Amino acid sequence: MKPLKPVFLKCAVQKYEWGKRGEESAAARIFSPNSGCPIEDKPYAELWMGTHDSGPSLVLFSGSSPDSELLPLKEWLSQNPEVLGDRVVQRWGADLPFLFKVLSVAKALSIQAHPDKELAPVLHKERPDMYKDPNHKPEMALALTEFEALCGFIDLEELKGVLGSLPEIVNLVGKESVEELLNIDRSDAKDVKAALQSVFTQLMSAKQDAVSETVLEMKNRLIKEKQVRHLTTKEQLALRLEEQYPNDVGVLSSFFLNYVKLNPGEALYLDANEPHAYIYGDCVECMATSDNVVRAGLTPKYRDVETLCSMLTYKQGYPNILKGAEVSEYTKSYQPPFDEFEVDQCCLPAGRSTTFSAVQKPSIFIVLNGHGSMKIGSEDEILLTTGNIFLVPAGMEIILTANADSAESSSKDNDTNENSKSSTFQLCRAVVNSQFV
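Right, let's walk through the structure included here. Since the structure is predicted, the reported quantities are computational estimates derived from the model, not experimental observations. (Residues numbered from 1 in each chain as written. Predicted model: local features only at pLDDT ≥ 70, side-chain atom pairs only at ≥ 80, totals over all residues. Heavy atoms only, no water.)

**Regarding the overall build of the chain**
Scanning the chain from terminus to terminus reveals 13 helices and 26 strands. For 437 residues, the compact-globule estimate of 2.2 N^0.38 gives 22 Å, and the chain sits close to it at 23 Å. For the C-alpha atoms alone, the extent of the chain along its principal axes is close to 75 × 45 × 40 Å. Going through the 437 residues of the chain one by one, you find that 55% of them count as buried. (Helix = DSSP H or I, 4+ residues; strand = E, 2+ residues; numbered from the N terminus. Rg over C-alpha atoms; globule rule 2.2 N^0.38 Å. Buried < 20%, exposed > 50% of the residue type's maximum accessible area, 1.4 Å probe, protein only.)

See below:
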């Protein structure tokens, strides 16, 4: 058996229309050196790192030419399952259980949710053209810049205040349904869920003509009131969303969801069947390997309103924000309650080193910014720079070092993290969750 070594990856980019354009996109600034392709004046929304068929990574072999036919990572893993570790292979087969991404969001993504393990295979069987995977899709977003999102339902008291200040929504869904929600006893969780589900479903299922009229009425009222009072954060957001998606029910439903603004280095995780929408910013995202999305607002794509409204948990309350647990002087770990993945963020000052100890699971590293090197045992150092993406096999210890002169060289690069200094050698790692292995 050949000794295992890290393998470098050439990764895929998705140019969805909501992505940041050209040099403004962190995904583009990493994809360009990774692929050798120049950055164009086009939207670059997502950089994918993993084995998913919609954007598979390719293995770069030492000495291969740019024109060489590269092997898909999924095929390489099937030929070399030992790089995954025994427990990972036993649980998930000869494949990565996670998909790693960089997202650059200029325009709000759809109001959406991802199906759980029970619903995903049902949707895949019924609509394989729309729901391409039989797997669930819990996910986590780690902010590289200030990052805005909608996530989960606001609590009952806040919702009562919202409905009291939005007569347009009350008229659209019906005063009787709203009164039932306003007068409900919050101690009865079952009744609260039923009432919230009823109002939200009526809103999302309203006829388009009625939605358009309601959005226009609310917009005109808020524009007038803006002259005499300071609009709330949610009201300002609704006007922003209306500019991007005129006459869309998602403008109205945004009032039902928590508005979250992450600072760089903060993370938000999303379980299955929870409504959310990313609004603006750059982040690293990790998820179980799946591309299943059930959409119902803020999108020109297919909307499956009935499925979305029936699948949601209707849990209320502000989401849990992860600040990262320090695992070393320069590394923080972000561990969501999902077996498939966790994410580490490493920021090395010039000339400093850190060790990632051997673990019995595979890792994917991405160099977000700066220059440095990787050392494995007694072998020669491997130079690293922005855009390098590599898989480290299970059971392998690596030492990462930032260049002593990276302050000078890195200042020439575009900083992916607006909060990082130009001298920082910055990486992220996706790895199977330590709770599992």
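Having put the structure on the table, let's press on.
**What to know about the pattern of salt bridges**
Evaluated as defined, the whole model comprises 20 salt bridges. For arginine 127, the salt bridge identified is with aspartate 129, shortest N-O distance 3.2 Å. Residue classification places arginine 127 among the partly exposed residues on the basis of a relative accessible area of 29%. Lysine 261 is the salt-bridge partner of glutamate 146, the closest N and O atoms lying 3.9 Å from each other. (Salt bridge = Lys/Arg side-chain N within 4 Å of Asp/Glu carboxyl O.)

**Quick notes on the sheet that holds strand 23 (residues 382-385)**
The strand order across the open sheet formed by four strands is 20-25-22-23, and the pairing between neighbours is antiparallel. The open sheet has two edge strands with one neighbour each: strand 20 (353-356) and strand 23. Strand-to-strand twist of the sheet, defined as the mean angle between neighbouring strand axes without regard to direction, takes the value 25°. Inspection of the sheet shows strand 22 (residues 371-375) paired to strand 25 (residues 398-402) by four bridges, in the antiparallel sense. Within strand 25, the residue paired with methionine 374 across the bridge is leucine 400. (Pairing = 2+ DSSP bridges. Axes fitted to C-alpha atoms, helices over the stretch in contact; angles between N-to-C directions.)

**Concerning the pairing of strand 19 (residues 342-348)**
Among the seven residues that make up strand 19, six are buried, leaving the element largely enclosed by the rest of the structure. Where strand 18 (residues 331-334) and strand 19 come together, four bridges link them in antiparallel fashion. Across the sheet, the residue bridging to threonine 331 is cysteine 346, located in strand 19.

**Digging into the side chain of arginine 221**
By secondary structure assignment, the location of arginine 221 is in helix 9 (residues 208-225). You can call arginine 221 buried: its relative accessible area is 18%. At 2.5 Å, the side chain of arginine 221 and the side chain of glutamate 168 are in polar contact. Those residues in contact with arginine 221 that sit more than four places away from it in its chain are Ser165, Leu166, Pro167, Glu168 and Arg229. (Polar contact = N/O pair within 3.5 Å; in protein donor to acceptor, adjacent residues only side chain to side chain. Contact = heavy atoms within 4.5 Å.)

**Quick notes on the pairing of strand 11 (residues 147-153)**
Sheet faces and side chains relate simply in a regular strand, where the side chains alternate between the two faces. The element strand 11 is extensively covered by neighbouring structure, given that seven of its seven residues are classed as buried. With six bridges joining them, strand 11 and strand 12 (residues 257-262) adopt antiparallel strand pairing. When the sheet's bridge partners are listed, glutamate 148 is paired in strand 12 with lysine 261. For strand 11 and strand 14 (residues 276-288), the ladder comprises four bridges, and the chain directions are antiparallel. Within strand 14, the position partnered with cysteine 151 by the bridge is histidine 276.

**A few points about the sheet that holds strand 21 (residues 363-369)**
Here we have nine strands laid out as an open sheet, ordered 7-6-1-24-21-26-19-18-17, and antiparallel in their pairing. At either end of the open sheet lies a strand with only one pairing partner, and these are strand 7 (71-72) and strand 17 (325-326). Direction of pairing for strand 17 relative to strand 18: antiparallel, over a ladder of two bridges. Bridge assignment links alanine 325 to a residue of strand 18, and that residue is serine 333. The sheet strands contacting helix 1 (residues 26-35) are strand 1 (7-10), strand 21 and strand 24 (389-392), and the helix crosses strand 1 at an angle near 115°.

**A closer look at a negative patch on the surface**
A contiguous patch of negative charge on the surface is contributed by Glu176, Glu180, Asp185, Asp188 and Asp191. With respect to the helices and strands, the residue aspartate 185 is situated in the loop between helix 7 (175-182) and helix 8 (189-204). Overall, aspartate 185 belongs to the partly exposed group, its relative accessible area being 48%. (Patch = residues over 30% accessible without salt bridge, like charges linked within 9 Å, V, L, I, M, F, W, Y side chains within 5 Å. Areas by Shrake-Rupley, 256 points an atom, 1.4 Å probe, with all protein chains shown as cover. Lys, Arg positive; Asp, Glu negative; His and termini not counted. Charge placed at Lys NZ, Arg CZ, Asp CG, Glu CD.)

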